[in-house]
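Chains, contacts and geometry: an overview
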Amino acid sequence: MGVGVFNPRPTGFCAPRPSADEGDDAIAAIETKARDDLAIRDRRVADRVQKFPESVIREMTRIAALHGAVNLAQGYPDFEPPPEVTEAAKRALDGGYNQYSITWGARELRDAIARRAKAFNGIDADPEANLVVTCGSTEAMMAAMLSLINEGDEAVIFEPFYENYGPDAIVSGARPRYVRMAWPDWGIDEEQLKAAFTDRTKVVILNTPNNPTGKIFTRDELRVVADLCADHDVVAVTDEIYEHIVFEGAKHVSLATVGDMAERTITINGLSKTYSATGWRVGWAIAPRTLASAMRRTHDFLTVGAPHPLQIATVAALNLPESYYRELARAYQQKRDAFVRGLQAAGLDCRLPAGAYYVMADFSAFPFPDDWAFAMYLVERLRVAVVPGSSFYGNPKDGQRFVRFMFSKKDETLREAVSRVQGLRDVR
Ligand SMILES: Cc1ncc(COP(=O)(O)O)c(C=O)c1O
């Protein structure tokens, strides 16, 4: 079955990081090919938009719908947020919250975020000075980058990385420098990390628990990052949106609580994942006073503000009891265990992720030339949508033997997906 509306060629981002064994000519060829693949052939389009593709993750959602596939590509649940939270939204819509809020966030919400950040993360945040409420953590990340980066500054990014960080770097003018988290345990080579920090490094982007690997950064790893930030006067921007989805009693550590990092860390979070409400578009950043001021300006002129009634309902979410978070982690751990076992039974090489709700799978035991061919086979023939691994790497070739599955779905949806994936047994 053909798709007809999508050209499944690996694109990756411009300025890919070449493998060590590639020479200058090969690198130039990769860059030229990436540029050709991405070109929108209209000279009115700005150069910066020519450098990144539409989101592959969100494209796979559209392809999933075309094929009636179980969508394990884009990270969102097929179950509802807690009823206390949706009820609070209904009340807010009825009760006087239908106009703009203060641009950097309704005071009630900033108070609730500050309380929660203190209680759970150990972060001190003054709601008047350190908080910016945004349209999802997606906007928080872009607003942070636009507020920090001058053209040509470097951004250290752990790789494989959540797809958005590539365009975040490009749009803000940063040059990405990737540091590899190595399959299969996603460990970091300290020497490689040190070498990535230079005189031009302005920010390091860190995501823990991590999408797509499930890695949870340990306090020791964070200490190394903190020392490098201090030595090179670098700001850390940490995306902690999966902080409550951690398994086997693992503890999430916020980088802002390591040493003096509070004065040089922007901690990003949001409603989407912890409260299963990705469509609400409520996120936030906690930042040192001056950086929060800069972000407020950027944020104001990007979006003015996040939806006011949903900000108010987010207060109800942040006030849920501790048992809610325990149950969330327990339920996801159960999904993870059954789902990963099912993928392994189908012959895929994958490990239990430590956190978040994704699993990277190495399919190289199967005869497919690359991740796109494998992903298209899965979606067209077996009707399960995943994300090709190349979209998480600077150089698409480095992700060519992986695809990413996600398991934020009802148990019955995951069982159906696992049963469809068993069709791979006929392929070998
Ligand atoms: C690491 C990470 N950060 C941010 C987001 C998007 O979050 P939001 O819905 O708050 O914009 C996602 C969504 O998949 C994600 O995986």
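Every chain begins its residue count from 1, and numbering advances along the sequence as written. The predicted origin of the model limits local features to residues at a pLDDT of at least 70 and limits the giving and counting of side-chain atom pairs to 80 or more, whereas totals for whole chains, interfaces and linings rest on all residues.

**A look at the overall build of the protein**
How we decide: Numbering of helices and strands starts at the N terminus; helices are DSSP runs of H or I of at least 4 residues and strands are runs of E of at least 2. A radius of gyration in this sense is built from C-alpha atoms; the matching globule rule multiplies 2.2 Å by the number of residues raised to 0.38. We call a residue exposed when 12 or fewer other C-beta atoms sit within 10 Å of its C-beta, buried when the count reaches 20 or more, and partly exposed for counts in between; the C-beta positions come from the backbone. C-beta atoms are first placed from the backbone for all residues, and any pair lying within 7 Å is then listed as a contact.
Counting secondary structure elements, the protein contains 13 helices and 13 strands. Against the 2.2 N^0.38 benchmark of 22 Å for 428 residues, the protein shows a C-alpha radius of gyration of 21 Å, consistent with a compact globule. Taken across its 428 residues, the protein has 51% of its residues classed as buried. The long-range share in the protein, meaning contacts at least 24 apart out of those at least 6 apart in sequence, stands at 73%.

**Some remarks on helix α8 (residues 219–232)**
To keep things clear, this is the line we draw: The span expected for a helix works out to 1.5 Å for each residue beyond the first.
Taking 1.5 Å of rise per residue, the 14 residues of α8 would be expected to cover 20 Å, and the 20 Å separating its terminal C-alpha atoms lies within 8% of that figure. Buried residues in α8 make contact with β5 (187–188), β6 (201–207) and β7 (235–239). Two residues or fewer past α8, aspartate 233 is found with a positive phi of approximately 55 degrees.

**With respect to the sheet that holds β6**
Counted only if it meets this: Between any two strands, pairing holds if DSSP finds at least two bridges. Working convention: axes come from line fits to C-alpha atoms, limited for helices to the stretch in contact. Angles between N-to-C directions cover 0 to 180 degrees.
An order of β2-β9-β8-β7-β6-β3-β4-β5 is seen for the 8 strands of this open sheet, with the pairing classed as mixed. Two strands lie at the open edges of the sheet, namely β2 (131–134) and β5, each paired on one side alone. Summarising the sheet, β2 and strand β9 (residues 283–286) pair through 4 bridges and their orientation is antiparallel. For valine 132, the partnering residue across the bridge sits in β9 and is alanine 285. Helix-sheet contacts for helix α4 (residues 107–121) involve β2 and β9, and the interaxial angle to β2 is about 115 degrees.

**A word on unusual backbone geometry**
Between glutamate 159 and proline 160 the backbone carries a cis peptide bond, its omega angle lying at 5 degrees. Residues asparagine 211 and proline 212 are joined by a peptide bond in cis, for which omega reads 15 degrees. If you trace the backbone, proline 212 turns up in the loop between β6 and α8. Although it is not a glycine, tryptophan 186 adopts a positive phi angle of roughly 65 degrees. By secondary structure assignment, the location of tryptophan 186 is in the loop between β4 (175–182) and β5. A count of 21 C-beta atoms within 10 Å places tryptophan 186 in the buried class.

**Concerning the site of the ligand**
What counts, and what does not: Near residues are defined by distance alone, with the backbone-placed C-beta atom required to lie within 6 Å of the molecule or strand. Classification used: nonpolar for Ala, Val, Leu, Ile, Met, Phe, Trp, Tyr, Cys and Pro, charged for Asp, Glu, Lys and Arg, polar for all others including Gly.
Around the ligand sit 13 residues, and of these Gly136, Ser137, Thr138, Gly270 and Ser272 come closest. With 3 residues, the top contributor of residues to the shell around the ligand is helix α5 (residues 136–148). Taken together, the residues of the shell around the ligand sort by class into 2 nonpolar, 10 polar and 1 charged.

**Examining the nonpolar core**
Here is the rule we go by: Each nonpolar core comprises buried Ala, Val, Leu, Ile, Met, Phe, Trp, Tyr and Cys residues, the members being joined through C-beta atoms within 7 Å. Domain ranges listed in this record stem from an automatic or a database domain assignment.
Counting residues in hydrophobic clusters, the biggest one holds 133 residues, and the most contacted among them are Ala144, Val384 and Ala385. Here this core spans two domains, and each of domain 1 (12–17 + 53–80 + 324–426) and domain 2 (84–318) adds at least three residues to it. If sequence neighbours within four positions are ignored, alanine 144 has contacts with Val237, Ile266, Ile268, Ala285 and Met295.

**Notes on the pairing of strand β13 (residues 402–406)**
Along a regular strand, successive side chains alternate from one face of the sheet to the other. Among the 5 residues in β13, 5 count as buried, and that is most of the element. Here β13 shows no split at all, with Phe402, Arg404 and Met406 on one side and Val403 and Phe405 on the other all buried. Of the pairings in the sheet, the one linking strand β10 (residues 358–362) to β13 comprises 5 bridges and is antiparallel in character. Paired with aspartate 362 across the bridge in β13 is phenylalanine 402. Alignment of strand β12 (residues 387–388) against β13, held across 2 bridges, turns out to be antiparallel. Counted as the bridge partner of proline 388 is valine 403 from β13.

**Notes on the packing of α5 against helix α6 (residues 165–172)**
What counts is decided by this rule: Angle categories: roughly parallel below 35 degrees, roughly antiparallel above 145, roughly perpendicular from 65 to 115, and oblique for all the rest. Whether a crossing is left-handed or right-handed is set by the direction in which the near helix is turned from the far one by less than a right angle, anticlockwise for left-handed and clockwise for right-handed.
The contact between α5 and α6 brings their axes to 9 Å, and the two run at 30 degrees. In this view, α5 runs roughly parallel relative to α6, as classed from their interaxial angle. For α5 against α6, the interelement crossing comes out right-handed. Across the interface between the two elements, Met141, Met142, Met145 and Leu146 from α5 touch Asp168, Ala169, Val171 and Ser172 from α6. Residue classes in the contact of α5 with α6 are distributed as 6 nonpolar, 1 polar and 1 charged.

**Topic: the domain arrangement of the protein**
Parsing the protein into structural domains produces domain 1 (12–17 + 53–80 + 324–426) and domain 2 (84–318). For domain 1 versus domain 2, the distance between C-alpha centres works out to 24 Å. Listed by partner, the interface residues are 33 residues for domain 1 and 29 residues for domain 2. Top element by residues in the side of domain 1 that touches domain 2 is helix α11 (residues 322–345). It accounts for 6 residues. Partitioned by chemical class, the residues of the side of domain 1 that touches domain 2 number 20 nonpolar, 7 polar and 6 charged.

**Here's the deal with the confidence of the model for the protein**
Low pLDDT means the predicted coordinates in that region are not meant to be read closely. Rule in force here: Each residue gets a pLDDT score, which is the predictor's confidence in that residue and runs from 0 to 100.
Averaged over all residues, the pLDDT of the protein equals 92, while 92% of them reach at least 70. Below pLDDT 50 for its whole length, residues 1–20 participates in 52 contacts with residues either more than four positions away or in separate chains.

**Details of the sheet that holds β12**
Read across the sheet, 3 strands follow the order β10-β13-β12 without closing on themselves; strand pairing throughout is antiparallel. Single-partner strands in this sheet number two, and they are β10 and β12. Sheet contacts for helix α12 (residues 371–382): β12 and β13; angle to β13, the most-contacted strand, approximately 40 degrees.

**Topic: the packing of helix α3 (residues 83–94) against helix α10 (residues 308–318)**
At a closest axis distance of 8 Å, the pairing of α3 and α10 adopts a crossing angle of 145 degrees. Crossing angle aside, the handedness with which α3 passes α10 is right-handed. Counted together, Glu84, Val85, Ala88, Ala89, Ala92 and Leu93 of α3 and Pro309, Leu310, Ile312, Ala313, Ala316 and Ala317 of α10 form the full contact between these two elements. Residues belonging to the contact of α3 with α10 are distributed by class as follows: 11 nonpolar, no polar and 1 charged.

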